[in-house]
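# Examination of the molecular architecture
Spelled out, the chains give:
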Amino acid sequence: MKNISYLLVLTIVMVSCRQSRLPKIIPDVITEFTLNDTDDPAIWVNPKNPAESIVFGTDKKTNGAIYAFDLNGKIIQDKTIRDIQRPNNVDIEYGFQLNDSTVTDILVFTEREKQQIRMFSVPDMKPLDGGGFKVFEDEELEENRLPMGVSLFKSPKDATVYAIVGRKTGPADGYLYQYTLIADSLGVTSNYVRKFGKFSGVKEIEAIAVDDENGFVYFSDEGVCIKKYHAEPSMGNEEISCFGGEYFDEDIEGIAIASYTDGHGYLIVSNQQKGEFNIFDRETNAYITTVNLSTTATDGCEAVTVPLNDTFKNGLFVAMNDEKNFYFYDLKRLGLQ
């Protein structure tokens, strides 16, 4: 009995030590609840009316969904994609060329149990993938074909759109695969381009974020550091840097990139067990500061820097919260500018 009491006290002390001591920043909006288990958000900015922008968020179970929320956190039922088998991560890209006369914004997410990625047009939410694009097809082990992270990259060189996909488990090198998404008269196809990305073997890799303007891809080697590579395949597969690990309590999770029109910006990265977010300079990747956004066990996060409405005048930051919901903040409240 004494041993049980001692272990209980030790557990409480350890959890207490992990909790952030920074002042809490309370969200401006908390979304309605999802059914299962939230994981990762993506923000679509409506170019015609930013106040009607949409936040998408994954709900990861066999009966999962990509929930659509308005800026008040209310579920938009007719934009929500249901009956998805364990969707993990989701991303948005703008201006995908469907044909000579049609351009659409797209949403791409991983569907782990079907070993594929899915692609839908936004905001009309029409499938463009013929049921899905298979990933990691050359892997013999099924466990190495289970996708988790995904981020989209639109090349500033030729406007090619790529999906960069990570998985639940993978090798020490070539953990991420990169695919082109190309439309022709027969529809959209996904074509393998390369594998890249070193893995420490500690924990896993899930969070992926791409800086389109500067051509870099970042991912969280969760137990070690944030890793940086070239997003353009022609630039090679060598690791550029491995940084920031000393600022995290345990798991390095979601990565959001806040990029401004004058070229400067920030990486905002979830320090999951601590309940904090570490902020790094976009240009130098140097650590700047830490904020406590009052979330619990955040996996994914996302940011946009354009004004949306009276609540989000300075842009929007969205963080997954481990209570089947997402937290929305005016971006200025993170103290970035």
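Further up the page is the structure itself.
Residues numbered from 1 in each chain as written. Predicted model: local features only at pLDDT ≥ 70, side-chain atom pairs only at ≥ 80, totals over all residues. Heavy atoms only, no water.

## A look at the pairing of strand β16 (residues 225-230)
Quick note on the threshold: For the exposure calls, accessible area comes from a 1.4 Å probe over protein chains only, and a residue counts as buried if that area is under 20% of its type's maximum, exposed if over 50%, partly exposed in between. A helix here means a DSSP run of H or I that spans at least four residues, while a strand means a run of E at least two residues long, and both kinds are numbered starting from the N terminus. Pairing between two strands is assigned when DSSP locates at least 2 bridges connecting them.
Counting buried positions along β16 gives 6 out of 6 residues, so the element sits mostly inside the fold. As defined by bridge partners, strand β15 (residues 216-221) adjoins β16 across 6 bridges and the pair is classed as antiparallel. Among the inter-strand pairings, Val217 is bridged to a residue of β16, identified as Tyr229. Here β15 hands over to β16 after 3 residues, the two strands then running antiparallel side by side. Across 3 bridges, β16 lies against strand β17 (residues 241-243) in antiparallel orientation. Within β17, the position partnered with Lys227 by the bridge is Cys242.

## Overview of the pattern of salt bridges
This is how it is decided: Definition used for salt bridges: Asp or Glu carboxyl oxygen within 4 Å of a side-chain nitrogen of Lys or Arg.
Counting across every chain of the model gives 13 salt bridges. Of the charged contacts in the structure, one is a salt bridge between Asp211 and Arg282, with a shortest N-O distance of 2.8 Å. Residue Asp211 is found in strand β14 (residues 205-211), and its partner Arg282 is found in the loop between β20 (276-281) and β21 (287-291); the two are separated by 71 residues along the sequence. We classify Arg282 as buried; its relative accessible area is 3%. Glu213 is the salt-bridge partner of Arg282, the closest N and O atoms lying 3.1 Å from each other. With Arg282 in the loop between β20 and β21 and Glu213 in the loop between β14 and β15, this pair connects stretches of sequence that are 69 residues apart. Residue classification places Glu213 among the exposed positions, given a relative accessible area of 54%. Each member of the salt-bridge network shares a partner with another, and the members are Lys203, Glu250 and Asp251.

## Let's talk about the sheet that holds strand β18 (residues 252-259)
Put simply, the test is: Here an axis means a line fitted to C-alpha atoms, over the contact stretch when the element is a helix, while the angle between two N-to-C directions is reported on a 0 to 180 degree scale.
What the 4 strands build is an open sheet, ordered β18-β19-β20-β21; its pairing is antiparallel. Two strands lie at the open edges of the sheet, namely β18 and β21, each paired on one side alone. Averaged over neighbouring strand pairs, the angle between their axes works out to 25° when direction is ignored. Bridge count for strand β19 (residues 265-271) against β20 is 6 bridges, and the pairing is antiparallel. By the bridge assignment for β20, Val269 is matched with Asn278.

## Notes on the packing of aromatic side chains
Formally: For Phe, Tyr and Trp, where Trp contributes only its six-membered ring, two rings pair if their centres lie within 6.5 Å, and the inter-plane angle classes them as stacked under 30 degrees, edge-to-face over 60, or tilted in between. Here, over-ring charges are defined by two tests on the NZ atom of lysine or the CZ atom of arginine: distance to the ring centre within 6 Å, and angle to the ring normal within 35 degrees.
Following the criterion strictly, the structure yields 22 aromatic pairs and no others. When the centroid spacing of 6.2 Å and the interplanar angle of 90° are considered together, the rings of Tyr218 and Phe243 count as edge-to-face. One end of the pair, Tyr218, is in strand β15; the other, Phe243, is in strand β17, with 25 residues separating them in the sequence. The class of Tyr218 is buried, set by a relative accessible area of 0%. Given a relative accessible area of 11%, Phe243 falls into the buried group. Between Tyr247 and Phe280, the aromatic rings sit 6.2 Å apart at their centres with planes inclined by 70°, giving edge-to-face as the arrangement. With Tyr247 in the loop between β17 and β18 and Phe280 in strand β20, this residue pair connects regions lying 33 residues apart in the sequence. Residue classification places Tyr247 among the partly exposed positions, given a relative accessible area of 35%. Accessibility expressed as a relative area gives 0% for Phe280, which makes it buried. What links up through ring pairs into an aromatic cluster is the set Tyr218, Phe243, Tyr247, Phe248, Phe280 and Tyr287. Sitting above the plane of the Phe196 ring, Arg194 keeps its charged end 3.9 Å from the centroid.

## A short note on the sheet that holds strand β24 (residues 325-330)
With antiparallel pairing, 4 strands are arranged side by side in an open sheet as β1-β24-β23-β22. In this open sheet, the two strands that pair with only one neighbour each are β1 (29-30) and β22 (301-304). Pairing geometry for β1 and β24, over 2 bridges, is antiparallel. Among the inter-strand pairings, Ile30 is bridged to a residue of β24, identified as Tyr327.

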